[in-house]
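Working through the structure, step by step
Each chain is listed here by its residues.
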Amino acid sequence: TEYSLEAEKEKLELKKTEKKESEEAVEFLNHKIQANVVALDGIKKNFDLYTKKAEEFKWKNSLYETACGRITGKSKVKLETFVQASYFERIIRFASLRFMKMSNGQYEFLRKAENLSDSKGLELEVRDHWGGSCRDAKTLSGGEQFLASLSLALGLSDAIQSWAGGIHLDSMFIDEGFGSLSSEVLKTAVDTLTAVSSGSKLVGIISHVEELRQRIDRQIVVAKSKTEGSSVSIIV
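Let us look at the structure shown here. These numbers were taken from a predicted model, which means no experiment stands behind them.

Moving on: the layout of surface pockets. Taken as a whole, the largest pocket spans an internal volume of roughly 1,000 Å³. Of all the elements in the fold, those that place two or more residues in the lining of the largest pocket are helix H4 (183–196), strand S5 (202–206), helix H5 (210–215), strand S6 (219–225) and strand S7 (229–235). Broken down by element, the lining of the largest pocket gets its largest block of residues, five residues, from S5. Residues belonging to the lining of the largest pocket are distributed by class as follows: 15 nonpolar, six polar and five charged. Here the second largest pocket defines a volume of roughly 220 Å³. In this structure, the second largest pocket is lined by 13 residues; those nearest its centre are Met102, Ser103, Glu144, Leu147 and Val185. Where the lining of the second largest pocket is concerned, the elements lending two or more residues are helix H3 (142–162) and H4.

This is the structure we're talking about:
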């Protein structure tokens with residue numbers, strides 16, 4: 001058999017080339033493996049973080065849904081509305097004590113028995129003990145509505161001062177509304193305000209009603225003149 005050195009050299013060079021290509025391919029794959037190992041480690045860490053966040057989201061979302069009033073099978077009450085209704089109920093209780101006294105036992109406040117969803121249930125109605133019925137507060141007469149408003153203002157003051165924190169409301173100002181009252185209702189309102197101010201509280205009444213002037217000893221009188229403008233005098 002004829003042996004050719006040149007042919008064998010060509011085969012050797014071909015094998016060297018194939019070896020080099022194989023080594024480069026192995027090196028490339030090793031780089032990919034290392035990159036994938038790093039990526040896998042990152043994926044594992046992110047998955048652990050995701051698992052923790054998913055658990056955190058689960059209870060936070062449950063709390064959020066509860067606060068928004070979206071729990072299936074439960075009363076659809078928003079947290080904001082629930083808190084408002086709770087404070088509202090307390091104010092109503094204090095205001096009812098005032099209103100019952102001012103109406104000679106006829107009226108007391110009630111919160112309308114509605115579903116609290118969509119901010120409902122924060123409206124008032126009154127129980128008429130003389131008529132034996134409950135009706136919308138808007139059906140009260142003008143004088144009764146004034147006494148109702150005064151009762152709510154005083155009830156709010158009573159409620160605030162009953163809460164923890166040592167809050168005291170030492171002053172209250174009532175602006176108008178007296179001119180539309182009958183003599184009997186006016187007397188009831190003034191007697192109530194006089195009783196409130198008998199202690200350390202200051203109750204100011206802003207009004208043009210002449211009858212009030214005769215019943216209030218300490219006054220700040222504002223007089224208006226076309227030529228001299230407005231003047232203020234103090235009566236004690």
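Now that the structure has been shown, the text picks up again.
A few words on the nonpolar core. The biggest cluster of nonpolar side chains holds 29 residues, and the ones touching the most others in it are Phe99, Phe109, Phe146, Leu150 and Phe178. Secondary-structure elements contributing two or more residues to this core are helix H2 (79–102), strand S1 (107–111), strand S2 (124–128), H3, strand S4 (171–175) and H4. Of the residues forming this core, the biggest block, six residues, is contributed by H4. Look past the residues within four positions of phenylalanine 99 in its chain and what remains in contact with it is Tyr107, Glu108, Phe109, Val126, Leu140, Glu144, Leu147, Ala148 and Ser151.

Right, let's talk about empty space enclosed by the protein for a bit. Taken as a whole and judged by the stated rule, the model has one cavity of 30 Å³ or more. Looking at the largest cavity, its volume works out to about 80 Å³. Around the largest cavity, the lining comprises 13 residues; the ones closest to its centre are Ser157, Leu169, Met172, Val196 and Lys201. Broken down by element, the lining of the largest cavity gets its largest block of residues, four residues, from H3.

Let us now look at the pattern of salt bridges. One pass over the structure, following the stated rule, counts ten salt bridges. When the shortest N-O distance is used, the salt bridge between lysine 53 and glutamate 56 registers 3.9 Å. One end of the pair, lysine 53, and the other, glutamate 56, are both in helix H1 (residues 5–67), three residues apart, so they sit about a helical turn from each other. You can call lysine 53 partly exposed: its relative accessible area is 48%. Classification of glutamate 56 by relative accessible area gives partly exposed; the value is 27%. The residue glutamate 89 makes a salt bridge to arginine 111 at a minimum N-O spacing of 2.8 Å. Here glutamate 89, found in helix H2, pairs with arginine 111, found in strand S1; they are 22 residues apart in sequence, far enough to count as distant. A relative accessible area of 28% means that glutamate 89 is categorised as partly exposed.

How each quantity is defined
- Residues numbered from 1 in each chain as written.
- Predicted model: local features only at pLDDT ≥ 70, side-chain atom pairs only at ≥ 80, totals over all residues.
- Heavy atoms only, no water.
- 1 Å grid on protein atoms, 1.4 Å probe; cavity = no way out; pocket = protein on both sides within 12 Å on 5 of 7 lines; lining within 4 Å.
- Points joined across faces, edges and corners; volume = space filled by probe spheres on them.
- Helix = DSSP H or I, 4+ residues; strand = E, 2+ residues; numbered from the N terminus.
- Nonpolar A, V, L, I, M, F, W, Y, C, P; charged D, E, K, R; others polar.
- Core = buried A, V, L, I, M, F, W, Y, C linked by side-chain atoms within 4.5 Å.
- Buried < 20%, exposed > 50% of the residue type's maximum accessible area, 1.4 Å probe, protein only.
- Contact = heavy atoms within 4.5 Å.
- Salt bridge = Lys/Arg side-chain N within 4 Å of Asp/Glu carboxyl O.

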